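# An overview of the molecular structure
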Protein chains: 2
Amino acid sequence: MTRPRPHNVSAGPAILPVEVLERTAEAIRELDLPGDTSLESRLSILEISHRSAAFQTIHDAAIDLCHEVLEIPRSHKVLFLQGGASTQFAMVPMNLRRADRPACYIETGVWSKKAITESKMLGETKVVASSAATNHDHIPAMPAPETYANASYLHITSNNTIYGTEWDQLPEIGSDVPLVVDLSSNVGSRKMGIERVALGYAGAQKNLGPSGVTVVFVREDLIAREPVGVVPTMLRYSTHAAENSLYNTPNTFGILVLRNVLQWMKGIGGVAGMGAINESKAEKLYALLDASSLYRAHAKVGSRSRMNVTWTLGGSDADGATKRFLAAAEAQGFCGLKGHRSVGGCRASIYNAFPESGIDALCEFMREFERKA
Amino acid sequence: MTRPRPHNVSAGPAILPVEVLERTAEAIRELDLPGDTSLESRLSILEISHRSAAFQTIHDAAIDLCHEVLEIPRSHKVLFLQGGASTQFAMVPMNLRRADRPACYIETGVWSKKAITESKMLGETKVVASSAATNHDHIPAMPAPETYANASYLHITSNNTIYGTEWDQLPEIGSDVPLVVDLSSNVGSRKMGIERVALGYAGAQKNLGPSGVTVVFVREDLIAREPVGVVPTMLRYSTHAAENSLYNTPNTFGILVLRNVLQWMKGIGGVAGMGAINESKAEKLYALLDASSLYRAHAKVGSRSRMNVTWTLGGSDADGATKRFLAAAEAQGFCGLKGHRSVGGCRASIYNAFPESGIDALCEFMREFERKA
């Protein structure tokens, strides 16, 4: 690359490690799997059958790394599906709701609301806690177990990209009700109690790879649940579990990149290693925001996301200051810093692949901007 | 690439042009869009927001090329979805069936059977013609219009990868009943009457790009059809049409490769140019099969696919001869030549990107094998 790499704080599709990009570009030219003398190994990843031994090697490695690096329990089946988290919003209630048992949700922002909308189309749905009254600036306290005791499942969103809030640890909710978690925007970022999840899903395009592949993991007893209504073949977890995600042609390239990202994460020490780095990165940025009289963090202490840091600018001309801030940031090479319209202001998405040196550069820029303001 | 490229006749994911692979590998490293000075243009295609101007340029170009190169009528909306043709098998009846009007299908093989299965789950479904009685070795004659006059739609599969049969031209079926076509395995291969299609769909991984992106095109009046039952948001054509395929994060990489493939096709003269080459390629192979006493083409004359050429080996030890043939072919660098178990024998998938020189090499190998047999 001839030009300096921008500081990419885009919310997703998001930054990937340079070494992952290099390795992926090579596999576009020629797969060249170590020890594989098959003809497929001399082709591009884009050209080989999903049923070839060469692809199976990659697929198996990706599944294994999901268990090893993301610490997904071996009791769960790992699936690589398509259609993003948005498709999971529908697949979860289609597959998991039981007759006469409501689907329960905790509402923490736009993404959980979308999940709730899909569930309501299909059957009884209860919102058992919500942070809507304060524009989702915090994660609400866990409701009493009685509120969801009879549920088909309880669904939460582990991290809220738009508002910059995050569950500190995934909740323990007792043995009878399966915990379903949309982990799209903080999967693999640190230890957070993934063993408590009965069904988890994550669009890959933030911490795990490119858009177009969704990592789903699901406990065996939930795969066996008989759907209440008519569910098309492609929308059943049982279809994909029975065929190891090869019922139809999966996003083979996406699975390769996922494998490359997980191998990179493994080198850093998995979720424990990533967590230490991510805590340090987020801490620096929040410390700056809390010490500032210009910037104001949106998320409340105790609910703050390590992945998406959101803030607004204060003062008599907040809109003008925000515009000047974003223009100056872009000139300094910061890409994707504009906040979502639901919060306004700014958002730095500092996923796993965003380096600590980038945080230092961002903090320096922000201090300098405040000093001059 | 240091080693010679194998002759890739895999049924899909399938061969792509080398220049497309090279260009795609570059975009993995750095997008570098001509005339685009944005920060995104200095990032990888895998890292940029689907809402960035840089991606929008690629997305718009891909849509435009679908109209220009594939000759999809401008009256149709082009969508880039996920989940392959298998998801379309469900989306078509979910969105298009009308109360008290059966969904009609012509059954020409495994893929149309799968489409029929999804439709039957949802409502009345009629198979109005079938080639099942002779192991799908031909395309059946069009049934009388009365048989589907009252249909919600009539569905056909334009090319049957497993059996190696293909509609010569897509049928004209009259104005009232929408023609729905699964074009996955011969889209863009030649002029075939695409203007007759009301809704068409194609998994990209044969003629158009990598797996993980599905090209769908749909006439405006069908987008407006109100579904009969409950259809989740992600499974409605209207959702994706209203948001120009950006309701959720699409497979951004897949769309880039699609654009690259279509630009390559444009340089060859679009479907007219591709068609001339593909006719010539297929003709050489069928001429060899018809002149041979060892090889026997599976598909009947008049129904033969230009994309997937299927044959069995004759003689007293057909199984042994087939095994020896496949082993010898692999040693000569032919990759993916084994036939599907439904037909047995051999299959050469000679999609758009498979060069005529590869056909010449295959014919030479086959003649030599027969001479020595």
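### Examining the relation of the copies chain A and chain B
With an RMSD of 0.0 Å, the operation that places chain A on chain B is a rotation of 180° combined with a shift of 0.0 Å along the axis. Overall, the copies show the geometry of a two-fold rotation axis. Residue A25 of chain A, judged by its C-alpha, is the member of chain A lying nearest the rotation axis, at 2.3 Å. Most of the interface of chain A is mirrored in chain B, where 100% of its interface residues are also at the interface.

### Quick word on helix α3 (residues 84-96) of chain B
The end-to-end C-alpha separation of α3 of chain B is 18 Å, in line with the 18 Å expected for 13 residues at 1.5 Å each. Across the 13 residues of α3 of chain B, 13 count as buried, placing the element largely inside the fold.

### Describing the confidence of the model for chain A
Low pLDDT marks regions whose predicted coordinates should not be analysed in detail. For chain A, mean pLDDT is 97; residues scoring 70 or higher make up 99% of the total. Reported confidence for the predicted complex is 0.98 by ipTM and 0.98 by pTM.

### So, the pattern of salt bridges
In the structure shown here, the tally under the stated rule is 36 salt bridges over all chains. Where E22 of chain B meets R29 of chain A, a salt bridge forms, and the shortest distance between an N and an O atom there is 2.8 Å. Residue E22 of chain B is found in helix α1 (residues 18-29), and its partner R29 of chain A is found in helix α1 (residues 18-29); the two belong to separate chains. Residue class for R29 of chain A comes out buried when judged on its relative accessible area of 15%. For D221 of chain A, the salt bridge goes to R219 of chain A, with nearest N and O atoms at 2.8 Å. By relative accessible area, R219 of chain A is classed as partly exposed at 26%. Through salt bridges with shared partners, a single ionic network connects E166, D168, R190, E279 and R306 of chain A.

### What to know about the sheet that holds strand β2 (residues 76-81) of chain A
Residues and elements named next belong to chain A. Taken together, the seven strands give an open sheet; going across it, the order is β2-β10-β9-β8-β5-β3-β4, and neighbouring strands pair in mixed fashion. Across the chains shown, the open sheet's two edge strands, defined by having one partner strand only, are β2 and β4 (125-130). Each strand axis lies, on average, 20° off the axis of its neighbour in the sheet, ignoring direction. Strand direction decides the pairing type here: strand β3 (residues 103-107) and β4, joined by five bridges, are parallel. By the bridge assignment, A103 is partnered in β4 with T125.

### Considerations on the interface of chain A and chain B
At the interface, 66 residues of chain A touch 66 residues of chain B. Approximately 5,500 Å² of surface area, both sides summed, lies buried where chain A meets chain B, with 56% of it carried by carbon and sulfur atoms. Where chain A touches chain B, the interface holds six salt bridges. Taking the shortest distance from any N to any O, the salt bridge between E26 of chain B and R29 of chain A comes out at 2.9 Å. For the pair chain A and chain B, the number of links is 24 residue pairs in polar contact (both at pLDDT 80 or more). Only α1, α3 (84-96), α4 (110-122), α7 (252-268) and β13 (334-335) of chain A provide two or more residues apiece to the side of chain A that touches chain B. Among the elements that make up the side of chain A that touches chain B, the one with the highest residue count is α1 of chain A (seven residues). Classifying every residue of the side of chain A that touches chain B by side-chain character gives 30 nonpolar, 23 polar and 13 charged.

### Observations concerning the state of the cysteines
All names here are of chain A. Per the counting criterion, the structure on display carries zero disulfides over all chains. Cysteine C335 is unpaired, with the sulfur of C346 as its nearest cysteine sulfur at 14 Å. When its relative accessible area of 3% is taken as the criterion, C335 is described as buried. Free cysteine C363: the closest other cysteine sulfur is in C346, separated by 13 Å.

### So, the domain arrangement of chain A
Residues and elements named next belong to chain A. Each assigned domain of chain A is listed with its residue range as follows: domain 1 (18-267) and domain 2 (270-372). Between the C-alpha centres of domain 1 and domain 2 the distance comes to 27 Å. Both faces considered, domain 1 and domain 2 share a buried interface measuring about 2,200 Å² in area, 53% of it formed by carbon and sulfur atoms. Along the contact surface separating domain 1 from domain 2 lie three salt bridges. For E166, the salt bridge goes to R306, with nearest N and O atoms at 3.4 Å. Among the elements of the structure, α2 (53-70), β6 (159-160), β7 (165-166) and α7 are those that each provide at least two residues to the side of domain 1 that touches domain 2. Its residues assigned to classes, the side of domain 1 that touches domain 2 comprises nine nonpolar, 13 polar and eight charged.

### Considerations on the sheet that holds strand β11 (residues 295-297) of chain B
Residue and element names in this part refer to chain B. Strand order in the open sheet made by the three strands is β11-β12-β14, with antiparallel pairing throughout. The open sheet is flanked by β11 and β14 (346-349), the only strands paired with a single partner. Neighbouring strand axes in the sheet, compared pairwise and without regard to direction, differ in orientation by 30° on average. Bridge count between β11 and strand β12 (residues 308-313): three bridges; the pairing is antiparallel. Paired with R296 across the bridge in β12 is T312. Along the sheet, helix α8 (residues 270-291) contacts β11, β12 and β14; its crossing angle with β12, the most-contacted strand, is approximately 15°.

### What about the packing of aromatic side chains?
All names here are of chain A. Inspection of the entire model under this criterion finds 17 aromatic pairs over all chains. Seen in terms of ring centroids, F89 and Y201 are 6.3 Å apart; in terms of plane orientation they differ by 70°. Their pairing is edge-to-face. Highlighted residues: F89 in helix α3 and Y201 in strand β9 (residues 199-203), separated in sequence by 112 residues. Exposure class is identical for F89 and Y201. Each is buried. Taken together, the ring pairs connect Y295, W311, F325, F334, F365 and F369 into an aromatic cluster.

### Quick word on the environment of Q332 of chain A
Residues and elements named next belong to chain A. Structurally, Q332 can be placed in the loop between α9 (318-331) and β13. By relative accessible area, which is 51% here, Q332 ends up exposed. Along the sequence, Q332 and F369 sit 37 residues apart, while their C-alpha atoms lie 11 Å from each other.

### Structural notes on the packing of helix α9 (residues 318-331) of chain B against helix α10 (residues 356-372) of chain B
All names here are of chain B. Two elements in contact, α9 and α10, have axes separated by 11 Å at closest approach and are oriented at 135°. Between α9 and α10, the angle falls in the class oblique. Along this stretch, α9 crosses α10, giving a crossing that reads as right-handed. Counted together, A321, R324, F325, A328 and A329 of α9 and F365, M366 and F369 of α10 form the full contact between these two elements. Among the residues making up the contact of α9 with α10, the classes are represented as seven nonpolar, no polar and one charged.

### Let's talk about the side chain of S152 of chain B
Residues and elements named next belong to chain B. Among the structural elements, S152 can be located in the loop between β4 (125-130) and β5 (153-157). Assessed through its relative accessible area of 0%, S152 is described here as buried. Polar contacts involving the side chain of S152 include one to the main-chain amide nitrogen of R98, which spans 2.9 Å. A distance of 2.7 Å separates the side chain of S152 from the backbone oxygen of R101, its partner in a polar contact.

### Side note on the nonpolar core
In this structure, I45, W311 and F325 of chain A together with I45 of chain B are the most contacted members of the largest nonpolar core, which totals 158 residues. Core analysis: the next-biggest nonpolar cluster, separate from the first, contains 53 residues, A90 and V180 of chain A together with L81 and M91 of chain B among them.

What counts, and at which threshold
Residues numbered from 1 in each chain as written. Chains lettered and ligands numbered in written order. Predicted model: local features only at pLDDT ≥ 70, side-chain atom pairs only at ≥ 80, totals over all residues. Heavy atoms only, no water. Least-squares fit on C-alpha atoms with pLDDT ≥ 70 in both. Contact = heavy atoms within 4.5 Å. Helix = DSSP H or I, 4+ residues; strand = E, 2+ residues; numbered from the N terminus. Expected span 1.5 Å × (residues − 1). Buried < 20%, exposed > 50% of the residue type's maximum accessible area, 1.4 Å probe, protein only. pLDDT = per-residue confidence, 0-100. Salt bridge = Lys/Arg side-chain N within 4 Å of Asp/Glu carboxyl O. Pairing = 2+ DSSP bridges. Axes fitted to C-alpha atoms, helices over the stretch in contact; angles between N-to-C directions. Buried area = accessible area lost by both parts, 1.4 Å probe. Polar contact = N/O pair within 3.5 Å; in protein donor to acceptor, adjacent residues only side chain to side chain. Nonpolar A, V, L, I, M, F, W, Y, C, P; charged D, E, K, R; others polar. Disulfide = S-S within 2.5 Å. Domains from an automatic or database assignment. Phe/Tyr/Trp six-rings, centres within 6.5 Å; stacked < 30°, edge-to-face > 60°. Parallel < 35°, antiparallel > 145°, perpendicular 65-115°, else oblique. Left-handed = near helix turned anticlockwise from the far one by under 90°. Core = buried A, V, L, I, M, F, W, Y, C linked by side-chain atoms within 4.5 Å.

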